[in-house]
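Descriptive structure summary
Listed here are the chains, written in short residue letters.
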Amino acid sequence: MLTPSFFIEKLREIGIDCFAGVPDSLLKNICAYITDNFDAGHHIIAANEGAAVGFAAGHYLATGRPACVYMQNSGEGNIINPLASLTDPEVYNIPVLLLIGWRGRPGVHDEPQHVKQGKITMGLLNVMGVNYDVLAKEEDKAEKQIAKAGEALKRNEVYALIVEKDTFENHELRNVVKNDFAMSREAAIQAVAASIGESDCIVSTTGMISRELFEYRTAMGQSHERDFLTVGSMGHASQIALGIALAQPSRKVWCFDGDGAAIMHMGSMAIVADKCPENYIHVVFNNGAHDSVGGQPTVGLHIDLPMIAKAVGYKNIFSADDADSLKTALAAIVKADGPTLLEIKVKRGNRKDLGRPTTTPIQNKEALMNFLKK
């Protein structure tokens, strides 16, 4: 395996000392090292991967030096537009180094949301005209690959290094997001799920939130038919929920969102507010961290999500940071017309023995659709 310090030093040698991206579990050690060793002017945890490419372009325009944009391969979809219409040689011809975690690699077991993306990771790069290497785990081979990437960057090309599991040695994040909120996310999820009506449904976002909701239903001996577990498509749960809410206005629809996911496509909040669905409740569990991929910070605790929701037109706004304030908010929410935003500030972290859904995405979809026919 490669030490993060070795990798970063080799990137410095090819002129890279600035980073932007969205954290990934396969990149968590290198992301942690970057977070611990680069200041805010040289490391941006972006709202989404496309925005990170935009930042890299701005950095190049100002300095003449390329930046590194890191992401999980699921983020390739978000970078296609800026690669095609910003950095491309036929447009502005701007060099960027992409560092892409290869989830769902063919032949390696992974979660269902990564299978397709794993198969097309290289294909998407080929279509976009981006040359790449699968980063070697041996220093001598990796050094040559990085030097090759450096030559491509000198030609103003975009170049990608694909990262497999266990490529980087461990680096424990020192600059850990800390907060002193009383509730765990899991306890907050349980409290909200227990308060919803029998005909209500939930759309939960990717990562720990869907996993914790699934385990709550199992522990309570309840069916999973009322919950749509958005195991992929980070940032889009709120629009899935909106689609259901507008189609079935007599049924309350709850969106269980995370701060990172809500920020990733924050413009969707404005669309929810503009459509003004009275049956829509948007719950954001905010711990200020990308909890599922190593605990890298978000700006969730540095911004006022309730005021943002109010500004774009949500009808009712609530915030809670302990069990009592959550109980009070829920009592008011079930009687109020939406769209409603409920921010719940929670501790970061999760149970070490937290499981994953035991149903397939297709089984989940079919169960929900049958429930929505009732």
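Please refer to the structure higher up on the page.
Residues numbered from 1 in each chain as written. Predicted model: local features only at pLDDT ≥ 70, side-chain atom pairs only at ≥ 80, totals over all residues. Heavy atoms only, no water.

1. Some remarks on the pairing of strand β13 (residues 316–320)
Judged from the five bridges that link them, β13 and strand β14 (residues 340–345) form a sheet pairing that is parallel. Considered in β14, the bridge of Ala320 is made with Ile344. Between the parallel elements β13 and β14, the chain passes through helix α13 (residues 323–333) in a crossover that is right-handed. (Pairing = 2+ DSSP bridges. Helix = DSSP H or I, 4+ residues; strand = E, 2+ residues; numbered from the N terminus. Right-handed = clockwise from strand over helix to strand, strands pointing away.)

2. Brief notes about the packing of aromatic side chains
Two aromatic rings, taken as a pair, are described by how far apart their centres are and by the angle between their planes. Scanning the model with the defined rule gives three aromatic pairs in all. Relative to Phe168, the ring of Phe7 lies with its centre 5.1 Å away and its plane at 70°, an arrangement referred to as edge-to-face. Of this pair, Phe7 sits in helix α1 (residues 4–13) while Phe168 sits in the loop between β6 (158–163) and α7 (185–195); the two residues are 161 residues apart in sequence, bridging distant segments of the chain. (Phe/Tyr/Trp six-rings, centres within 6.5 Å; stacked < 30°, edge-to-face > 60°.)

3. A few points about the environment of Ile94
Here Ile94 is to be found in the loop between α4 (76–87) and β4 (96–101). Sequence spacing of Ile94 and Glu157 is 63 residues, and the spatial spacing of their C-alpha atoms is 6.7 Å. Not counting residues within four places of it along the chain, the set of residues in contact with Ile94 comprises Ala57, Tyr60, Leu61, Leu86, Thr87, Asn156 and Val158. (Contact = heavy atoms within 4.5 Å.)

4. Quick look at the sheet that holds strand β7 (residues 201–204)
The six strands lie next to each other as β8-β7-β9-β10-β14-β13, forming an open sheet whose pairing is parallel. Unpaired on one side and paired on the other, β8 (227–229) and β13 mark the two borders of the sheet. With strand direction ignored, the average angle separating the axes of adjacent strands in the sheet is 15°. Judged from the four bridges that link them, β7 and strand β9 (residues 253–258) form a sheet pairing that is parallel. Looking at β9, one finds that Ser204 is bridged to Phe256. (Axes fitted to C-alpha atoms, helices over the stretch in contact; angles between N-to-C directions.)

5. A few points about the nonpolar core
Within the largest apolar cluster, 27 residues are counted, with the highest numbers of intra-cluster contacts made by Phe7, Ile8, Phe19, Leu97 and Leu99. For this core, the secondary structure elements donating two or more residues are α1, α2 (28–37), β3 (68–72), β4, α6 (139–154) and β6. If one sorts the elements of this core by residue count, α6 sits on top with five residues. Excluding anything up to four places from it in sequence, Phe7 contacts Ile30, Leu99, Leu135, Ile146, Leu161 and Phe168. Within the second largest apolar cluster, 26 residues are counted, among which are Leu213, Leu326, Ala329 and Leu330. (Core = buried A, V, L, I, M, F, W, Y, C linked by side-chain atoms within 4.5 Å. Buried < 20%, exposed > 50% of the residue type's maximum accessible area, 1.4 Å probe, protein only.)

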